[in-house]
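One-letter residues, chain by chain:
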Amino acid sequence: MVTTGLPPADAADVARVTEALQMITPRWNVRVLLTLNRTPRRYKEIVAKLPYLHTSHLHSKIRSLCNAGLAERTEHSARHVTYGLTPRGQQLLPVLPRMARWAEQHLEKPEQPLAAIEQIEDTLALLTRRQAPAILWVLKSRQEATALALAGLVMPTGFWNNIYPHLRQLIDDGLVTTEGTGQPYRLSRAGEALSPVLGALSMWSAGRPIDGAARHPVWGNSAPPAVNPTRVWTSHQARFPAPPAVPTAPATPARPAHRPGWATGELFSHAPPPGVKVPATAGGPRR
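A short tour of the structure in this document, coming up. One numbering rule holds for all chains: residues counted from 1, following each sequence as written. For this predicted model, a pLDDT threshold of at least 70 governs which residues receive local features, and a threshold of 80 or more governs which side-chain atom pairs are given and counted, while totals over whole chains, interfaces and linings are taken from all residues. Note: side-chain values were computed over all heavy atoms of the structure, leaving out hydrogens and water.

**Some thoughts on the overall build of the protein chain**
Phase 1 of the analysis: Each helix is a run of DSSP H or I of at least 4 residues and each strand a run of E of at least 2, with the numbering of both proceeding from the N terminus. Tallying secondary structure elements over the protein chain gives twelve helices and five strands in all.
Phase 2 of the analysis: Looking at the protein chain alone, contacts between residues at least 24 apart form 65% of all its contacts between residues at least 6 apart.
Phase 3 of the analysis: When the accessible surface of the protein chain is totalled, it reaches about 16,800 Å², and 56% of it is carbon and sulfur. Residues are treated as being in contact if the distance between any of their heavy atoms lies within 4.5 Å. Note on areas: Shrake-Rupley with a 1.4 Å probe; residue coverage comes only from the protein chains shown.

**Topic: the pattern of salt bridges**
Phase 1 of the analysis: Whenever a carboxyl oxygen of Asp or Glu lies within 4 Å of a side-chain nitrogen of Lys or Arg, that contact is scored as a salt bridge. This structure, assessed with the given rule, holds six salt bridges.
Phase 2 of the analysis: The closest approach of N and O atoms between R16 and D13, which form a salt bridge, is 3.7 Å. Pair noted here: R16 and D13 are both in helix α1 (residues 8–24), with a separation of three residues, about one helical turn.
Phase 3 of the analysis: Across the pair R129 and D173 runs a salt bridge whose closest N-O atoms are separated by 2.9 Å. With R129 in the loop between α7 (116–127) and α8 (132–142) and D173 in the loop between α10 (163–172) and β4 (176–178), this pair connects stretches of sequence that are 44 residues apart.

**A look at the environment of G152**
Phase 1 of the analysis: Topologically, G152 is positioned in helix α9 (residues 147–154).
Phase 2 of the analysis: For every residue, the accessible area obtained with a 1.4 Å probe (protein chains only) is divided by the maximum for its type, and the residue is called buried under 20%, exposed over 50%, and partly exposed between those limits. Since its relative accessible area comes to 39%, G152 is described here as partly exposed.
Phase 3 of the analysis: A C-alpha to C-alpha distance of 9.4 Å links G152 and I163, two positions eleven residues apart in sequence.

**Here we look at helix α4 (residues 55–67)**
Phase 1 of the analysis: One less than the residue count of a helix, multiplied by 1.5 Å, gives the span that helix is expected to have. Spanning 13 residues, α4 covers 18 Å between terminal C-alpha atoms, matching the ideal 18 Å at 1.5 Å per step.
Phase 2 of the analysis: Regarding α4, the residues found buried are L58, K61, I62 and L65. One side of α4 carries all its buried residues, which in axial view fall inside an arc of 95°.
Phase 3 of the analysis: Residue G69 follows α4 closely and has a positive phi angle near 85°. Directions pointing from the helix axis toward each C-beta atom define the arc.

**A short note on the packing of α8 against α9**
Phase 1 of the analysis: Across the interface, α8 lies against α9 with an axial gap of 10 Å and an inter-helix angle of 120°. By the angle between their axes, α8 is oblique relative to α9. You can see that α8 and α9 cross each other, and the crossing is right-handed. Of the residues in α9, those touching α8 at A134, I135, V138, L139 and R142 are A149, L150, L153 and V154.
Phase 2 of the analysis: Gly falls in the polar group here, along with every residue not listed as nonpolar (Ala, Val, Leu, Ile, Met, Phe, Trp, Tyr, Cys, Pro) or charged (Asp, Glu, Lys, Arg). Classifying every residue of the contact of α8 with α9 by side-chain character gives eight nonpolar, no polar and one charged. The axes are straight lines fitted to the C-alpha atoms, using for helices just the contacting stretch, and the angles between their N-to-C directions are given from 0 to 180°. We call two directions roughly parallel when the angle between them is under 35 degrees, roughly antiparallel when it is over 145, roughly perpendicular when it lies between 65 and 115, and oblique otherwise. By definition, turning the near helix anticlockwise from the far helix through less than a right angle yields a left-handed crossing, and turning it clockwise yields a right-handed one.

**Overview of the packing of helix α6 (residues 95–106) against helix α12 (residues 195–205)**
In a packed pair of helices, the relevant descriptors are the angle between the two axes and the axis-to-axis distance.
Phase 1 of the analysis: Orientation of α6 relative to α12, taken along the N-to-C sense of each, is 160°, at an axis distance of 9 Å. The angle between α6 and α12 falls in the class roughly antiparallel. Judged by the sense of rotation from one axis to the other, the crossing of α6 with α12 is left-handed. Contacts between α6 and α12 involve V95, R98, M99 and W102 from the first element and P196, V197, A200 and L201 from the second.
Phase 2 of the analysis: Its residues assigned to classes, the contact of α6 with α12 comprises seven nonpolar, no polar and one charged.

**Focus: the sheet that holds strand β2 (residues 71–77)**
Phase 1 of the analysis: Taken in spatial order, the three strands of this open sheet run β1-β3-β2, and their pairing is antiparallel. The open sheet has two edge strands, β1 (41–42) and β2, and neither has a second partner.
Phase 2 of the analysis: Sheet analysis places β1 next to strand β3 (residues 80–85), joined by two bridges and oriented antiparallel. Within β3, the residue paired with R42 across the bridge is T82. Criterion used throughout: strands pair if DSSP finds at least two bridges between them.

**Focus on the side chain of R41**
Phase 1 of the analysis: With respect to the secondary-structure elements, R41 resides in strand β1.
Phase 2 of the analysis: Side-chain atoms alone can form a polar contact between residues adjacent in sequence; in general such a contact is a pair of N or O atoms within 3.5 Å, and within protein one must be able to donate a hydrogen while the other accepts it. In terms of polar contacts, R41 uses its side chain to reach the backbone carbonyl oxygen of T35, at 2.7 Å.
Phase 3 of the analysis: In contact with R41, other than residues within four places in its own chain, are T35, I46, K49, V81, T82 and Y83.

**Let's talk about the nonpolar core**
Phase 1 of the analysis: Ranked by internal contacts, the top residues of the largest apolar core, which has 70 residues, are M99, W102, L136, L150, I163, L198 and L201.
Phase 2 of the analysis: With seven residues, the single largest contributor to this core is α8.
Phase 3 of the analysis: For L150, the contacting residues outside a window of four places in its chain are I135, V138, L139, A145, M155, I163, L167 and Y185. In these notes, a set of buried Ala, Val, Leu, Ile, Met, Phe, Trp, Tyr and Cys residues joined through side-chain atoms within 4.5 Å is what counts as a nonpolar core.

Rendered as structure tokens:
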């Protein structure tokens, strides 16, 4: 298990989810799992379902899934062997449609519609970035964090500025956002929307029904935040002084209409004006 500075329960949770992702992310693994769904198949039947996969490559994929406990080999006789999913593998399958729905809603739209399996593979490619699960966990639980705080929690044994390549990658993927150099990092709208996916993966990897994902202590609340929430920054102090106090002398009668769409105190606010900042689309050129 990778050493982190997270609380023990969160560290174990992240480690289990990372291991689960490593089981299913290698190319073709999800396709093999779906081929083995419903009924056990003989090897030649699997080959017929996946004709684009070389036979020797297919054999290694099946063996790796069997070693992971997701598939099993049953020898009925010397010449009759079938492969099927274990109960553990069957329990994982309902997580896959959640990945496809997330990709459909939050990844860029290609010119030609993608099959659900390709949506799932695109989602897995983003979630298996190095340090991605741990960074997403911290930002979901803390709402925001500086790079230094993230480094201390995610990779406490290394140089703290090594966190920046991982953050830049997640920003390019559209899962994390920041308002500029020195500003805290937080989940984008697409990152927040991963709640059903990561919550379900966490429940499955802990051996619990994925229906309980809505009650996950970190990912249970899947509602995205307001576009411009009113809140106080806790990780740093504002760089600009507060606007002057309103004078107590009687004010002149207000002029009707023609008021600008912004207030003076908002020009240098950390929060962007409503509707100006649009979260980056996840996926980017990786489609």
